Each structure stands twice: as C-alpha cells, then as structure tokens.
Amino acid sequence: MDTTHLIQGIHHVTATVSNAQADYDFYTQLLGLRLVKKTVNFDNNKVYHFYYGTAEGAPGTIMTTFPYAGQGIRVGIPGTGQVSRTGFSAPSASLLFWKERLTAAGVSAQLVDRFGRVHLQFKDPSGLGLEIIGTNDDPRSPWRREDISLEMALRGIFNVSVAVKELVPTLDFLTTEFGFQLNEQSGNISRFQAKDGGAGQYIDVMEEPDGVRGKNGMGIVHHVAWRLDSEAELAALRERLVHDLGFKVTEIKDRKYFQSIYFRIPGGVLFEVATIPPGFGVDEEETTLGQHLQLPTWEEENRAQIEANLEQLDW
Ligand code: ZN
C-alpha cells in the first residue's frame, strides 16, 4: 500500500494540563465546546481524560486534556520539538466577540494577522497557547450553548503550530511521508496542508534556530494526532515507518474510540496517527455524550475505586 497520502487531517490534540475544574470550565463554559467524553488516562487511572469537541465529537474537532494537578508532575517548558499553539476556527466576524468574551473572563487576547487571516491568540488556565482563526469556509457544525450564537461558535480545530530548530527535516517528512503540501510561507512560519487543505488540515512549522528544546509537563501539548480511515492503513503506515525509515514507533494501541500509533518526527514533535472509526459513539448515545465516566473494559471491575480516587468536579 502506498502510505504517502493516507493522512486526511488532524484527529485531535492532547495536552497535559493542571487543574481539572479550571480546565473543564474554560473549554466548556468559556470556549463553548462540548465535553464529548469523560474518561481516565488509560495509563494512569487516577487522572481524568477529557475530550472536548462539537456535537458528535467528529475527528478534527477534538481537544483532549489530562489534568495532572496534585500528581507530582512538573510544569513543562515550552520550546522546540513541541506543539506551541492550537488553533480553532470560527467565522471571521466572531473574533471581536471572542476578544471581548475572553477579556471579560480575565483572559488577555491579541489579534494578529497571518496568511491573510485574523488570529486571536490567548492562553488557557494551564498556559497552553491557543488561537481562534477567522475562517468563513468551515462547513462543520458547532456545538450550541445558550450564551454563544451559532454564528460565533467554534467549528473545531483549524491547525497546530509546531516549533523546530531546523525546518528542512520536518518539511521533508511532512511532504514525503504524509503527502502534505507547502501552502504558504511568511517569515519563519511555513503552513502545510493535508489533502486539499481547509480547517483541520493545517500545520504551521515555526523555524526557531535559537530556540531551547521544550520539556513536557503541565501546560504543554503532549502530541497532535492525525486521522486516517482504517486499521489496515494504520498498520501499513507503521510498517513503512519502522521497516523502511527505521523510526521508533509504538505498537498499535487500542484507545477504545480509535486505534493509534505514536512516534517522533524529525524535529522532535510527537505525532500520533489514529483511525477515524469507531468514534465516540461506541459506548454512549450522542445525546448523552460526556455525561458519565467511561472506562476501558479492563478497568470496569475497578470502577468504584477509580471513581473514589478522582477529584469530584462541579460539572
Ligand atoms: Zn492522542
């Protein structure tokens, strides 16, 4: 199988964050995203895993967080080899609404122009870099909240921005192995697109030769996940990475809502590649997504203990 054109765009972005309540309140009440899944870290059941997105939690709309406050995890150091900023899309006419809404909540936000679009940049309570990018051709349906009109609401993820010391190794990987195209360049920033481009299909690579190597921890994006169609495609891509390119790649992991692999690309950013099926409807109806704590089958027998260990939140 030719593996060089399998990636369709972003699947999700996952960050290590600090306080669970502050995180939940910020993404649901302030940004107006839907909590589409409430589960635990499959590798550490004392820590929640929140998935925020839009109505059905379509791939490409999902921001996920692990709130690690109180678990002895250090605060991370931003730098190269990391996702520096995650962008959401919303209609251009909404950006002043968002600036006022964020400012009223005590979140400082700055408007900047890049590639002919307005970007509203701000930080979440853990210090993650976020932006809302004016996009008038994003067909995805937003999640509805009473205090955010549909014309203003976020449509999903637009892009991620990654920082690297040297552009070329990352550029070579993205264009050769993922089939991405260089869309635009401005200063030290190169925007690449998956497939035909559009919201949810962009990665901005920022070349920072003097940047310090970032360290993972609270307030840092852990990885960006890219989507493809099937486990057969995932297995073929894994074969290519391991046997032809000599990459260190995890086994295929069953994340319940998708299967996935993880590996670092040249330049140091941790990528995940995840299957679109089965999706977030595998264990809950769409109408009640995110309302009940979901556990992987192997943790169900420990449910009482797990629930007792988790911080109780005001949902
Ligand atoms: Zn992930």
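Structure report, in brief. (Residues numbered from 1 in each chain as written. Predicted model: local features only at pLDDT ≥ 70, side-chain atom pairs only at ≥ 80, totals over all residues. Heavy atoms only, no water.)

1. Let's talk about the side chain of threonine 64
Tracing the sequence through the fold places threonine 64 in strand β4 (residues 62–67). Leaving out residues up to four positions away in the same chain, threonine 64 has contacts with His12, Val13, Thr14, Ala15, His49, Phe50 and Tyr51. (Helix = DSSP H or I, 4+ residues; strand = E, 2+ residues; numbered from the N terminus. Contact = heavy atoms within 4.5 Å.)

2. Digging into the coordination of the zinc ion
Donor atoms from the polypeptide that coordinate the zinc ion comprise His12 (NE2), His223 (NE2) and Glu272 (OE), at 1.9 to 2.0 Å from the metal. A residue is classified by how much of its surface remains accessible, and histidine 12, at 2% relative accessible area, is buried. The exposure class of histidine 223 is buried, given its relative accessible area of 4%. (Donors = N, O, S within 2.8 Å, 3.2 Å for Na, K, Ca; no water. Buried < 20%, exposed > 50% of the residue type's maximum accessible area, 1.4 Å probe, protein only.)

3. As for empty space enclosed by the protein
Enumeration according to the criterion identifies one cavity of 30 Å³ or more in this entry. One number sums up the size of the largest cavity: a volume of about 60 Å³. Taken together, Leu31, Gly32, Leu33, Gly53, Thr54, Trp143, Arg145, Ile148, Ala153 and Leu154 make up the full set of residues lining the largest cavity. When grouped by side-chain class, the residues that make up the lining of the largest cavity number six nonpolar, three polar and one charged. (1 Å grid on protein atoms, 1.4 Å probe; cavity = no way out; pocket = protein on both sides within 12 Å on 5 of 7 lines; lining within 4 Å. Points joined across faces, edges and corners; volume = space filled by probe spheres on them. Nonpolar A, V, L, I, M, F, W, Y, C, P; charged D, E, K, R; others polar.)

4. A word on unusual backbone geometry
The linkage connecting proline 277 with the following residue, proline 278, adopts the cis geometry, with an omega of 0 degrees. Relative to the elements of secondary structure, proline 278 occurs in strand β16 (residues 270–278). Its identity as a non-glycine residue notwithstanding, phenylalanine 115 has a phi of 50 degrees, on the positive side. You can see phenylalanine 115 is positioned in the loop between β6 (110–114) and β7 (117–123). Overall, phenylalanine 115 belongs to the buried group, its relative accessible area being 13%. The residue lysine 195 is not glycine, and still its phi comes out positive at about 50 degrees. Within the secondary structure, lysine 195 sits in the loop between β11 (189–193) and β12 (202–207). Look at lysine 195 and you get partly exposed, because its relative accessible area is 36%.

5. Considerations on the packing of aromatic side chains
Taken as a whole, this structure holds 25 aromatic pairs when the rule is applied. Residues phenylalanine 50 and tyrosine 52 carry aromatic rings whose centres are separated by 6.1 Å and whose planes lie at 50 degrees to one another, so their mutual orientation is tilted. Each member of the pair, phenylalanine 50 together with tyrosine 52, is buried. Geometry around tryptophan 315 places lysine 38 over its ring, the cationic atom sitting 3.8 Å from the centre. For arginine 191, the ring lying beneath its charged end belongs to tyrosine 202, and the centroid distance is 5.6 Å. (Phe/Tyr/Trp six-rings, centres within 6.5 Å; stacked < 30°, edge-to-face > 60°. Lys NZ or Arg CZ within 6 Å of the ring centre and 35° of its normal.)

6. Thoughts on helix α1 (residues 20–30)
Counting buried positions over the eleven residues of α1 gives eight, a clear majority of the element. Downstream of α1 by a residue or two, glycine 32 has a phi angle that is positive, lying close to 80 degrees.

7. Considering the sheet that holds β11
Spatially, eight strands are ordered β6-β7-β8-β5-β9-β12-β11-β10 in an open sheet, and the strand pairing comes out mixed. Strands with a single pairing partner mark the edges of an open sheet, and in this sheet they are β6 and β10 (181–186). In this sheet, adjacent strand axes meet at a mean angle of 25 degrees when their direction is disregarded. (Pairing = 2+ DSSP bridges. Axes fitted to C-alpha atoms, helices over the stretch in contact; angles between N-to-C directions.)

8. Examining helix α4 (residues 231–244)
Its 14 residues give α4 an end-to-end C-alpha distance of 19 Å, which sits within 8% of 20 Å, the value for a rise of 1.5 Å per residue. Glu233, Leu234, Ala236, Leu237, Arg238 and Leu241 are the residues of α4 that are buried. Packing partners of the buried residues in α4 comprise α3 (167–177), β13 (220–228), β15 (258–264) and β16. (Expected span 1.5 Å × (residues − 1).)

9. Some points on the sheet that holds β16
One open sheet holds the eight strands; their spatial order is β2-β3-β4-β1-β13-β16-β15-β14, and the pairing between them is mixed. The two strands at the open ends of the sheet, each matched to only one other strand, are β2 (34–41) and β14 (253–254). Judged from the three bridges that link them, strand β3 (residues 44–53) and β4 form a sheet pairing that is antiparallel. What sits directly across from phenylalanine 50, in β4, is threonine 65. Packing against the sheet, α1 makes contact with β1 (9–17), β2, β3 and β4, and its axis sits at approximately 10 degrees to β3.

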